[in-house]
Amino acid sequence: MRLKRHRIGIAGVIFLVFVTVSSSLVLGAQAHDRTSFSASDRFVIPELNGSVQFAYNGSYSSAMLENNAWVFNDLMINTTRLLGNLKVSVKDSDITIFSFYSSGNISVNRQSVRYNAQGAGSQVFDLGAEGVTHHSEWWVTVSVPSTIFLAQGREWHLSPDNIVTVNEQTGNISVAHYNFNAQSYSSLPFIERHSVLIVTLAVVAVAAIAASVVSVKVRSKTHGSN
Amino acid sequence: MVVTENNPYIVLGLFAVIVAVGIVLILKLSKDKTRKISSLRLFIQIAAVFGIFMGLLIGPFNVPLFAPLGPSPRDHLLGAEVLGSQFPDGISVPFLACYYPNGRTVTCGLWQLQAYIFPFWDYPRGYQVNYSTSGLEKIAVTLGMLVAACIVFGRSFCGWVCPFGLYQDLLTRLRKSARLRHLSTSVKRNKQLGQVSYIIIAVALLLSVIFASYVIFGFEIVPGTIPGGPEGTEAGIVSNINEPFCLVCPARPLCIAVQVAAGQMNWSYISQIAYGPFWISGFYFTSINVIIFIIVSLLAFAYRRAWCRICPVGGLSALFSTFTPFKQIALTKLEKDEHKCTKCGVCKRVCPTQATDMYEKKGGDVTESRCILCARCVEICPYGDALKLTFAGKTLAKSRNWLEEGKNISEVAS
């Protein structure tokens, strides 16, 4: 019995050492593979006369210019500390990216990029949104200086593959997407679809009836005592 | 025990226990009968601030926010996760509790009424939420919740729960500590002020209907107010004319300040967009909000509960709880025994909203539209059983013969 416990203890220690060493190796390799950039680095797109810059230092696992678009994998800006893949193309303008965020889980999908644009060209973003998205899930704003929501189909476009193109805007621009993976209500039966209204009306009816009964009782009691 | 946004029941349970214990302690330990209700009320008001903004109690506090509107786990807190997505904006309540980007436990009923007319009449998406029902249905639900709440509790929300009421009460305490006397309006002027709340409601809802004319009536009265728009624009949703009353509401900056102070909202996140024309500070409050907040604060310092006298949300409660048939069936009432009243007038003097029915009316139900059911008059009345705060015929609080204890009226009624 004692020997068995001893063996389990040794196995546990070996397992812990293995996990620690392997995870540090993986993390070390990850850290080693990352390339840092600084706020002064400029990612130029010569053919489109555009450039991309970051407002803060950061790092990525890889960055390459493909079809006049910079593709940053595992991008992390030091201020946000968030990882994600960003694909950006800029035409006739220079942009400085302040923040970038891309995440998807069971309850919410959200992506965003905030940047300053100089030169009224166009910017094309692939923020990593997956699946079919609707334009109402996207918010594109510009601060000039108060924040104005740009019109979809005019100042910005959403393509079926979730690529957003912002046209002829300068200043601080935000492109954000979120979708709460809400269930489809239209397919629900009538009672479930209108359950809140039904429950609310029931609550009002119960409250009103109960209150009326109480009022009548109190009144009759008062009259009786008089 | 890990308390997260995914586990709101634990937080709610803990919160309920703490509040219940606090109430019992105050009732048991408070010896001064002329301050007992006030102490209890202050405690409940402060507890309500946490209850209303339940997100304040629930981590994580370092949720990354991103412009323009940062969704956070709190968006799902009660509005969606607990009550289901069909209550996306939280429960409609008859007091000033702003619709927040973070934490939607409850939401001001007037905000919902305005927003469900314009811009979300028949629009499937709200601010970071999805709607499953039509504008009329949403409005019916909002009104239903307001009616139910007001039948049961009347305008006591104003006296016991409203965060802006608490703020005004604190201003009153500040004034008192500076040994300054409050100012009063004439009875006639005070009654006239009560009508202002209904004018504000009418204007706010009328403007909302005008802005929503396209989706309701099929033609656009104000250009640029077509939700979705012919080109798929989001004009209706995003314009700065949404929820007209909220653009001038004095409680809004305070609500934001509470969230910022608690670390729920990042100040830089607000200040980044808080520039531009003087009438537009940012998404969450306008310069007009701030100016009116300052003016109301000054007035509330001089006049007790100055805002409550013209508050449209309070007016909504009063509408439901003061006029027949609602008045007949209201469960929470202020009652007077004419045989025990000596017409000393102390109730009238201490009333924060300068209600007069409890003094002028002979007896019976003396609840009126200005009465916020704070029970200060009950607490201060020196004649046993002359005034009562009742719920469903049961006495919650009643006046006591405290004069026998050697105090004098002017000492406590200042």
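Everything numeric here is computed off the predicted structure, so don't read it as measured data.

Our next topic: the overall build of chain B. In terms of regular secondary structure, chain B is built from 19 helices and six strands. Out of the 414 residues in chain B, the part that is buried amounts to 49%. Of the contacts formed within chain B by residues at least 6 apart in sequence, a portion of 68% connects residues at least 24 apart.

When its secondary structure is counted, chain A shows three helices and 15 strands. When each of the 226 residues of chain A is scored for burial, the buried share is 28%.

Residue and element names in this part refer to chain A. Side-chain alternation along strand β14 (residues 163-167) places Val 164 and Val 166 on a buried face and Ile 163, Thr 165 and Asn 167 on a face that remains uncovered. Relative to β14, strand β10 (residues 122-126) is paired through five bridges, and the arrangement is antiparallel. From the neighbouring strand, Asp 126 faces β14, where its bridge partner is Ile 163. One ladder, built from three bridges, connects strand β13 (residues 156-158) with β14; its direction is antiparallel. The partner of His 157 across the bridge, within β14, is Thr 165. Between the antiparallel neighbours β13 and β14 lie four residues, among them Asn 162 with a positive phi of about 65°.

The subject of this paragraph is the sheet that holds strand β6 (residues 394-398) of chain B. Residues and elements named next belong to chain B. The sheet built from four strands is open, its strands ordered β4-β3-β5-β6 with antiparallel pairing. The open sheet has two free edges, formed respectively by β4 (364-365) and β6, since each of these has just one partner strand. Strand direction decides the pairing type here: strand β3 (residues 332-336) and strand β5 (residues 387-391), joined by five bridges, are antiparallel. Residue pairing in the sheet places Leu 334 in a bridge with Leu 389 of β5.

To continue, consider the nonpolar core. Where a protein is soluble and globular, its nonpolar side chains tend to be buried together. Counting 93 residues, the largest nonpolar core has Phe 95, Leu 96, Cys 347 and Cys 377 of chain B as its most contacted members. Counting residues per element, this core draws most heavily on helix α5 (residues 135-153) of chain B, at nine residues. Lining this core are residues from two domains, each supplying at least three of them: domain 1 (65-309) and domain 2 (331-412) of chain B. Among residues more than four places away in sequence, those in contact with Leu 96 of chain B are Cys 108, Cys 162, Pro 163, Phe 164, Cys 249, Ala 251 and Val 313 of chain B. Formed by 35 residues, the second largest nonpolar core is a distinct cluster that contains Trp 138, Leu 150, Ile 173 and Val 175 of chain A.

Of all 11 residues in helix α11 (residues 251-261) of chain B, eight are buried; the element is thus mostly enclosed. Every buried residue of α11 of chain B is listed here: Ala 251, Arg 252, Pro 253, Leu 254, Cys 255, Ile 256, Val 258 and Gln 259 of chain B.

Turning to the packing of helix α4 (residues 109-117) of chain B against helix α8 (residues 187-211) of chain B, a few remarks are in order. All names here are of chain B. Between α4 and α8, whose axes approach to 8 Å, the crossing angle comes to 20°. Comparing their axes, α8 and α4 come out roughly parallel. Helix-helix and strand crossings are classified by hand; for α4 and α8 the assignment is right-handed. Each of Leu 110, Leu 113, Gln 114 and Ile 117 in α4 lies in contact with α8, whose residues at this interface are Ala 204, Leu 205, Ser 208 and Val 209.

Another aspect to go through is the packing of α4 of chain B against α5 of chain B. All names here are of chain B. Between α4 and α5, the shortest axis-to-axis distance is 9 Å and the interhelical angle comes to 170°. One element, α4, and the other, α5, form an angle in the roughly antiparallel class. As for how α4 packs across α5, the hand of that crossing is left-handed. Where α4 abuts α5, its residues Gly 109, Gln 112, Leu 113, Tyr 116 and Ile 117 lie against Gly 135, Lys 138, Ile 139, Thr 142 and Leu 146. Residues that form the contact of α4 with α5 fall into these classes: five nonpolar, four polar and one charged.

The subject of this paragraph is the environment of Val 88 of chain A. Residue and element names in this part refer to chain A. Inspection of the secondary structure assignment puts Val 88 in strand β7 (residues 84-91). With 38 residues separating them in the primary sequence, Val 88 and Asp 126 have C-alpha atoms 6.4 Å apart. In contact with Val 88, other than residues within four places in its own chain, are Val 52, Ala 69, Trp 70, Gln 123, Val 124 and Phe 125.

Now for unusual backbone geometry. Between Phe 118 of chain B and the following residue, Pro 119 of chain B, the backbone shows a cis peptide bond with an omega angle of 15°. For Pro 119 of chain B, the location among the structural elements is in the loop between α4 and α5. Residue Asn 49 of chain A is not a glycine yet carries a positive backbone phi of 60°. As for its position among the elements, Asn 49 of chain A is in the loop between β2 (42-45) and β3 (50-54). The exposure class of Asn 49 of chain A is partly exposed, given the 14 C-beta atoms found within 10 Å. The phi dihedral of Lys 343 of chain B is positive, around 60°, even though this residue is not glycine. Examined against the element boundaries, Lys 343 of chain B turns out to sit in the loop between β3 and α16 (346-350).

Criteria and thresholds
- Residues numbered from 1 in each chain as written.
- Chains lettered and ligands numbered in written order.
- Predicted model: local features only at pLDDT ≥ 70, side-chain atom pairs only at ≥ 80, totals over all residues.
- Helix = DSSP H or I, 4+ residues; strand = E, 2+ residues; numbered from the N terminus.
- Buried ≥ 20, exposed ≤ 12 C-beta atoms within 10 Å, placed from the backbone.
- Contact = placed C-beta atoms within 7 Å.
- Pairing = 2+ DSSP bridges.
- Core = buried A, V, L, I, M, F, W, Y, C linked by C-beta atoms within 7 Å.
- Domains from an automatic or database assignment.
- Axes fitted to C-alpha atoms, helices over the stretch in contact; angles between N-to-C directions.
- Parallel < 35°, antiparallel > 145°, perpendicular 65-115°, else oblique.
- Left-handed = near helix turned anticlockwise from the far one by under 90°.
- Nonpolar A, V, L, I, M, F, W, Y, C, P; charged D, E, K, R; others polar.

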